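Architecture and fold: a report
Chain by chain, the residues run as shown.
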Number of protein chains: 4
Amino acid sequence: MTQGKKIAAAVVGATGYAGAELVRILWDHPQVELKAVTSRQYAGQAIAQVFPAFQGVVPLVCEEFNAQSIGERADVVFLALPHKLPMAIAPQLEGTNTRIVDLSADFRFNDQAAYEAVYQPHTSPELMKKSVYGLCELYRKEIAQAFIIGNPGCYPTCSLLPLAPFIQQGVISTRGIVIDAKSGASGAGRGLSLTTHYCELTEGFSAYKVAAHRHCPEMEEILSREAGRDVKITFAPHLVPMSRGMLATSYSMLEKDLDTPAALEILREFYKDAEFVKICPDNALPRTSHVRGTNYVHIAARVDEHANRLILVSVIDNLVKGAAGQAVQNMNIMFGLAEGAGLNAAPYPV
Amino acid sequence: MTQGKKIAAAVVGATGYAGAELVRILWDHPQVELKAVTSRQYAGQAIAQVFPAFQGVVPLVCEEFNAQSIGERADVVFLALPHKLPMAIAPQLEGTNTRIVDLSADFRFNDQAAYEAVYQPHTSPELMKKSVYGLCELYRKEIAQAFIIGNPGCYPTCSLLPLAPFIQQGVISTRGIVIDAKSGASGAGRGLSLTTHYCELTEGFSAYKVAAHRHCPEMEEILSREAGRDVKITFAPHLVPMSRGMLATSYSMLEKDLDTPAALEILREFYKDAEFVKICPDNALPRTSHVRGTNYVHIAARVDEHANRLILVSVIDNLVKGAAGQAVQNMNIMFGLAEGAGLNAAPYPV
Amino acid sequence: MTQGKKIAAAVVGATGYAGAELVRILWDHPQVELKAVTSRQYAGQAIAQVFPAFQGVVPLVCEEFNAQSIGERADVVFLALPHKLPMAIAPQLEGTNTRIVDLSADFRFNDQAAYEAVYQPHTSPELMKKSVYGLCELYRKEIAQAFIIGNPGCYPTCSLLPLAPFIQQGVISTRGIVIDAKSGASGAGRGLSLTTHYCELTEGFSAYKVAAHRHCPEMEEILSREAGRDVKITFAPHLVPMSRGMLATSYSMLEKDLDTPAALEILREFYKDAEFVKICPDNALPRTSHVRGTNYVHIAARVDEHANRLILVSVIDNLVKGAAGQAVQNMNIMFGLAEGAGLNAAPYPV
Amino acid sequence: MTQGKKIAAAVVGATGYAGAELVRILWDHPQVELKAVTSRQYAGQAIAQVFPAFQGVVPLVCEEFNAQSIGERADVVFLALPHKLPMAIAPQLEGTNTRIVDLSADFRFNDQAAYEAVYQPHTSPELMKKSVYGLCELYRKEIAQAFIIGNPGCYPTCSLLPLAPFIQQGVISTRGIVIDAKSGASGAGRGLSLTTHYCELTEGFSAYKVAAHRHCPEMEEILSREAGRDVKITFAPHLVPMSRGMLATSYSMLEKDLDTPAALEILREFYKDAEFVKICPDNALPRTSHVRGTNYVHIAARVDEHANRLILVSVIDNLVKGAAGQAVQNMNIMFGLAEGAGLNAAPYPV
């Protein structure tokens, strides 16, 4: 990267929530020039027509995706598409000069069978093997060298960051981990459904895909890697009547003697250089609104001594640290920029 | 009860949310006459001034509590007060002709030490011993004979009903039960706090009192009773940006071989005569809005075979089945009325 | 009506929000038997599958609409369909023994040209002429005799009730009335749209169809009738991030000298026999939650002396008094029942 | 201002919503150094303890206000206090080197009698006379020279911007203007009240202070100034179940022949150099979420030809353009910075 020259970026699938959030972040990124946004559904329309918040601010017009054209114009391409499309598109971009951050599941797995068990046959298995799992705080080195990043799912991001230090250090058992996670409705995207119809969701908290969500094997792959042996978890996601925000509560059996202050200390030490991870004070617990619109993760820990369990509570904004923000964080690492570039605006107090 | 004569009822503490909900239910109850509502804060004011929804419908005026007067006028007194007050008031009512349904924690425990460990010294220990835990579906017989009912907490009601059949029948382990529960803000009452200030709660899902909530020992006492041996659970409550509704997700280790249909069948069989308990169809999961404003409980079960766990999901309206509705259901049982009297209006579709 | 015999009712279009609300109300109505519910989209499915709140409570199955069959089985048919369908269906029912309450716009107008100017050509003009506008508090006598009722729109119900006494009595000018109305999302129905997608609506209050809403001519027809001369209004509706509830604020020029207490007195006197209309105390203003789930209307008045204007504020639940509730109120009047039968459950305090 | 030297700023009353929002904006402002934040209630506590969103980002500690100390350290002081306090504090700061942006009502009026009629006796009448009304788009020149700015109320900002061009140009009558405005709950501040208690506000849209709100005379003073003659308006504010956002709908009698495109053209021309004012396309209407968290104003116009009225609809974020954002915009103008400095982050798409 020549000093001073801006990174040329493109967002493929810019009119979903994650795509539009990428547009917001990249538009303001001091070292990025957003060259192109694509949308099949809205090709030819101004992005500000699709998202009126951008009115008079972001003058870009949605174009049809064309691998050749995008590849030539962009140093980095963000794929914000439903899974299955990226595995077809990524190989087309491989020949060009660009690098890729894929926000779908297609390049999150290294284990092809695990992917295929819950998604579909993978048509770019070689690329899959080269891909790096973009959980920035854990895999910075690999990310820096990667051609293609599999940007983590929102649930895995929120759940794995608190668990990682404890599973790595053998503080908790690899058996019996329960993750009870709760997400705002933007995680379900901009596509219409009765589930996210206003009248059905307001006052309507619910569980869904209990023990059947595709993020479960994604988490198990990473936890097993960190533990050095096979980890099985139980995972139940829930839908919260709110727009942005995700909270994960995990329950693990303690293998070592530990109290709450010691658990917090492990987190503080592990994340002392991670600018987006904040460990809550002893007397505080995270709230999704505290990270709304930001790339931050807030984590708390409690030891339930009477049942010998470690309880971890963490929050993220599912569209930022859980999607677009982490994608840009990955780009920052890939291109040798400051990790927080374009991502560290002061948070909204309320 | 002479046929045709209405039961005279009084609500002590009628201007909190549970108290006002009692007023709503009792006002429409075909076999009840609501004789008195009391409020320290609003004594002398019309209840319709405090809750304008009652305007032109409920003409009652709040009075100061007077044990003598209330006891003489009421066949049944509902105490909707913060804990500690009922243990002082109940003995005053004992001499009169009335029976009591207490919505606080004061008469929920039979184990005095367990109560005192998390609340305060109990000043009516004899009455405590006579009290019956008012979880209607489990303790109908005892309730029918009781002088004083300890109406269950909302979290215990929502969590215990799904677990009871499985713990009774030894299907799940008494060790390692995790209950992750989520409540709407009305559970925190009408008292003002920053936590339930609109701007702080909207978009602000959070955990609170993790592994430190007083409903935990209440649940352990009942689960141990049903299991016939000591049960320890891990309990973490969460606050949802909504007004009414509660959902509990519990995770238990299976002791017997079981799949999802079999788990559902156990629930259906156990609750086949319980008019307020509905077991969801195999392909459905509960949503709090489905029981909003009603006394119903919706329950679903899933077996997570890859981790050998039973997951139970249940919803109630915390102010109805979790408080006022169950209190009236208890009264119905105590006075030999149809269990659903005054409680079985058709639910709102949305 | 033979004493004791129940009225047989049918709901055509039972799986929209107004239709489902009719099911709720009619199911509990002490003098009604709900014989049939129809749905094109969900024919063959249990209504409780479409609205899980009805699970274990309402066992009806949706059927395809058949005029002959419905006409034979029902004393009254509620049409809860999009406009244009009822004008085709109603004539088919005319030959049978049933009476009709139509919740669409098709039979609200007596002036065919006014209807056709904002909807489409009317194919049942004779029936239209026979139809009665079902604003219960104003047209009780006509309603009692009607074969077919045009159930008022939610905005007209909410706006006309406060204005009626003043326009009738010449207290306000027929010129320059402004109605600024606000509705919850359930008014837009169960059909999916980006406007009522949760993430787009929450925190997203907006105006829509400003000076272009079809309820405007409906209101002008009634106001002109009551004034005895032509009334033109300006009407702007707004969408509120909430599910149920509607509030209308109207601004009129005073023609007579009037202060706030006198304005309130006019309302109290006018509605002294209307059980569902409540005039707020002098120091109170209505809130939509106070009438949520009920058939009540709360009205307040303020005279802005420095600008010589009367300001009226009123609230209803758009699905009850603004749709299903008023439809049942109309049925009660048509069949000589108590006007509040099935509609006067005590309101929820919160 | 020496080129390159940062402006030293202080926020007095930093722990209310407007104060905290000032902290957020000033913390990120490229040409500002935030030197001090004060709070009576939280003196000695970290601002990140009061607003956990600031955790690990804003390390400031709240101090007690001391005029001498603040005046010495700050080039500009923002007063985010309840009215009455600023009129006592501002004169203490006058001797020091600092300039003032006051967010209360104390320095919004030039007409002392008008202020005193709705607030209280003004104890700094000379300062009041020197103060400039900080509606940036109208009074840039005066603002640039001002020692003290009276930062406009949120309702006036939202209502006056759309009306100004029309009233200035005599397009609308100075008689009969109606402003119906709607605000999210953050406008009521962080102080606890039943009105903004979550359970009372959700699903509870209401009107308040109808024809009795203090922002009414503030608007009349400015409108009269712009019109060159006395303007009287009718103003009714409403409270929306949402956190941030405000929408104003105004209704005026047309004095000149005008259609919708012409009205929009007047707005576009008038605001062609105003970077924060966006005029909606002909087929679009504003939504509060489109400006959430930003300093933008979105405006639409419609001519209701059948009633000869101009309807203007505008949205702002009440805490940004309605308070802290406009305060910083005023500071930018006062210190000769780019008007949008620190305020032009790309908006959130949802």
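Only a predicted model underlies this, so the values are computations on that prediction, with no experimental measurement involved.

It is worth spelling out the UniProt feature "active site" (unreviewed entry) in chain A at this point. Residues and elements named next belong to chain A. Here, UniProt's "active site" (unreviewed entry) annotation points to Cys154. By the secondary structure assignment, Cys154 is in helix α8 (residues 154–168). Using a relative accessible area of 14% as the deciding quantity, one classes Cys154 as buried. Apart from residues no more than four positions distant in its own chain, Cys154 is found in contact with His215, Met246, Ile316, Asn318 and Gly322.

Further remarks concern the sheet that holds strand β14 (residues 309–316) of chain C. The strands that make up a sheet pair up through hydrogen bonds in the backbone, lying either parallel or antiparallel. Residues and elements named next belong to chain C. On the basis of which strands lie adjacent, the open sheet formed by seven strands has the order β9-β10-β8-β11-β14-β13-β12 and mixed pairing. Looking at the sheet topology across the chains shown, the edges are occupied by β9 (206–207) and β12 (277–279). Relative to β14, strand β13 (residues 297–304) is paired through seven bridges, and the arrangement is antiparallel. Bridge pairing links Ala300 to Val313 in β14. Docked against the sheet, helix α10 (residues 215–227) engages β8 (177–183) and β10 (233–239), running at close to 135° with respect to β10. Against the sheet, helix α11 (residues 260–270) engages β12, β13 and β14, with an angle of about 150° to β13.

Bringing the pattern of salt bridges into the picture now. Residues and elements named next belong to chain C. If you walk through the whole model with that rule in mind, you get 76 salt bridges over all chains. Arg24 is paired through a salt bridge with Glu21; the nearest N and O atoms lie 2.8 Å apart. Remark: Glu21 and Arg24 occur in helix α1 (residues 17–28); sequence separation between them is three residues, near one turn of the helix. Judged by its relative accessible area of 10%, Arg24 is buried. For Lys272, the salt bridge identified is with Glu269, shortest N-O distance 2.8 Å.

What follows deals with the relation of the copies chain C and chain D. Take chain C, turn it by 180°, move it 0.0 Å along the axis, and it overlays chain D with an RMSD of 0.0 Å. On the angle and the small slide along the axis, the relation comes out as a two-fold axis. A shared interface surface links the copies, since 100% of the contact residues of chain C are contact residues in chain D too.

A cluster of nonpolar side chains, namely Leu192 and Leu194 of chain A together with Leu192 and Leu194 of chain C, defines an oily patch on the protein surface of about 290 Å² accessible area. As for its position among the elements, Leu192 of chain C is in the loop between β8 and α9 (198–201).

On the side of chain D, 49 residues touch chain C, which itself brings 49 residues to the contact. Summed over both partners, the interface of chain C with chain D buries about 3700 Å², with 58% contributed by carbon and sulfur atoms. In this structure, the connection of chain C to chain D is made through four salt bridges. Residue Asp180 of chain C pairs with Lys182 of chain D through a salt bridge whose shortest N-O separation is 3.0 Å.

Here the focus is the domain arrangement of chain A. Residue and element names in this part refer to chain A. Annotation of chain A at the domain level lists domain 1 (7–152 + 321–334) and domain 2 (155–318). Just the C-alpha atoms count here: the centres of domain 1 and domain 2 sit 24 Å apart. Taken together, the 28 residues of domain 1 in the interface contact 31 residues of domain 2. Across the interface of domain 1 and domain 2, roughly 2300 Å² is buried in total on both sides, 53% from carbon and sulfur atoms. Where Glu218 meets Arg108, a salt bridge forms, and the shortest distance between an N and an O atom there is 3.1 Å. Summed over the shared surface of domain 1 and domain 2, the result is 16 residue pairs in polar contact (both at pLDDT 80 or more). At the level of secondary structure, the elements contributing two or more residues to the side of domain 1 that touches domain 2 comprise α1 (17–28), α5 (112–118), α7 (136–145) and α12 (320–334). With six residues, the top contributor of residues to the side of domain 1 that touches domain 2 is α12. Classifying every residue of the side of domain 1 that touches domain 2 by side-chain character gives 14 nonpolar, seven polar and seven charged.

Laying chain B over chain A is done by rotating through 180° and shifting 0.0 Å along the axis; what remains is an RMSD of 0.0 Å. Interface overlap between copies is the fraction of interface residues in one copy that are interface residues in the other; for chain B against chain A it reaches 100%, indicating a shared surface.

To continue, consider the environment of Leu343 of chain D. All names here are of chain D. Mapped onto the fold, Leu343 is located in the segment after α12 (320–334). Take Leu343: its relative accessible area is 7%, and that puts it in the buried class. Put simply, Leu343 and Phe65 are 278 residues apart on the chain and 27 Å apart in space, counted from C-alpha to C-alpha. Apart from the residues lying within four places of it in its own chain, the contact partners of Leu343 are Ile25, Phe276, Asn295, Gly325, Val328, Gln329 and Asn332.

What follows is about the interface of chain B and chain A. Counting from both sides, the interface comprises 49 residues of chain B and, opposite them, 49 residues of chain A. Among the residues of chain B in contact with chain A, Glu203, Phe205 and Arg287 of chain B are the three that bury the most area, contributing 21% of the side total. Connecting chain B to chain A are four salt bridges. Connecting chain B to chain A are 34 residue pairs in polar contact (both at pLDDT 80 or more).

Here the focus is the nonpolar core. Ranked by internal contacts, the top residues of the largest apolar core, which has 440 residues, are Phe78 of chain A, Phe78 of chain B, Phe78 of chain C together with Phe78 of chain D. With sequence-adjacent residues up to four places away left out, Phe78 of chain B is seen in contact with Ala9, Ala10, Val11, Val12, Leu22, Leu26, Val101, Leu103, Ala327, Val328 and Met331 of chain B.

Further remarks concern unusual backbone geometry. Negative phi characterises most residues that are not glycine, and trans characterises most peptide bonds. In the Ramachandran plot, Lys84 of chain A falls in the positive-phi region, its phi being about 90° despite a non-glycine side chain. As for its placement among the helices and strands, Lys84 of chain A is situated in the loop between β4 (76–79) and α4 (86–94). The backbone of Ala211 of chain C shows a phi angle near 55°, a positive value even though the residue is not glycine. Looking at the secondary structure, you find Ala211 of chain C in the loop between β9 and α10. On the basis of relative accessible area, Ala211 of chain C is assigned to the partly exposed category, the value being 31%.

A few words on the packing of α1 of chain A against α12 of chain A. Residue and element names in this part refer to chain A. Running from N to C, α1 and α12 point in directions that differ by 45°, and their axes come no closer than 9 Å. The orientation of α1 with respect to α12, classified from their angle, is oblique. Between α1 and α12 lies a crossing whose hand is right-handed. Counting all contacts with α1, which are made through Ala18, Glu21, Leu22, Arg24, Ile25 and Leu26, the residues of α12 involved are Val320, Ala323, Ala324, Gly325, Ala327, Val328 and Met331. Considered class by class, the residues forming the contact of α1 with α12 number ten nonpolar, one polar and two charged.

As a further point, take the packing of aromatic side chains. If you walk through the whole model with that rule in mind, you get 38 aromatic pairs over all chains. For the pair Phe109 of chain A and Tyr119 of chain A, a centre-to-centre distance of 6.2 Å together with 70° between the ring planes defines the contact as edge-to-face. With Phe109 of chain A in the loop between β5 (99–102) and α5 and Tyr119 of chain A in the loop between α5 and α6 (125–130), the pair connects residues that are ten residues apart, well separated along the chain. Ring centres 5.0 Å apart and planes at 10° place the aromatic pair Tyr198 of chain B and Tyr198 of chain D in the stacked group.

Moving on: helix α4 (residues 85–94) of chain D. All names here are of chain D. By the burial criterion, the buried members of α4 are Pro86, Met87, Ile89, Ala90 and Leu93. Buried residues of α4 fall within an arc of 165° about the axis and therefore sit on the same side. Elements that come into contact with the buried residues of α4 comprise α3 (67–73), β4 (76–79), β5 (99–102), α5 (112–118), α6 (125–130) and β7 (148–150).

The rules we used
- Residues numbered from 1 in each chain as written.
- Chains lettered and ligands numbered in written order.
- Predicted model: local features only at pLDDT ≥ 70, side-chain atom pairs only at ≥ 80, totals over all residues.
- Heavy atoms only, no water.
- UniProt positions renumbered as here; feature names shortened; annotations may be inferred.
- Helix = DSSP H or I, 4+ residues; strand = E, 2+ residues; numbered from the N terminus.
- Buried < 20%, exposed > 50% of the residue type's maximum accessible area, 1.4 Å probe, protein only.
- Contact = heavy atoms within 4.5 Å.
- Pairing = 2+ DSSP bridges.
- Axes fitted to C-alpha atoms, helices over the stretch in contact; angles between N-to-C directions.
- Salt bridge = Lys/Arg side-chain N within 4 Å of Asp/Glu carboxyl O.
- Least-squares fit on C-alpha atoms with pLDDT ≥ 70 in both.
- Patch = residues over 30% accessible without salt bridge, like charges linked within 9 Å, V, L, I, M, F, W, Y side chains within 5 Å.
- Areas by Shrake-Rupley, 256 points an atom, 1.4 Å probe, with all protein chains shown as cover.
- Buried area = accessible area lost by both parts, 1.4 Å probe.
- Domains from an automatic or database assignment.
- Polar contact = N/O pair within 3.5 Å; in protein donor to acceptor, adjacent residues only side chain to side chain.
- Nonpolar A, V, L, I, M, F, W, Y, C, P; charged D, E, K, R; others polar.
- Core = buried A, V, L, I, M, F, W, Y, C linked by side-chain atoms within 4.5 Å.
- Parallel < 35°, antiparallel > 145°, perpendicular 65-115°, else oblique.
- Left-handed = near helix turned anticlockwise from the far one by under 90°.
- Phe/Tyr/Trp six-rings, centres within 6.5 Å; stacked < 30°, edge-to-face > 60°.
- Arc of directions from axis to C-beta.

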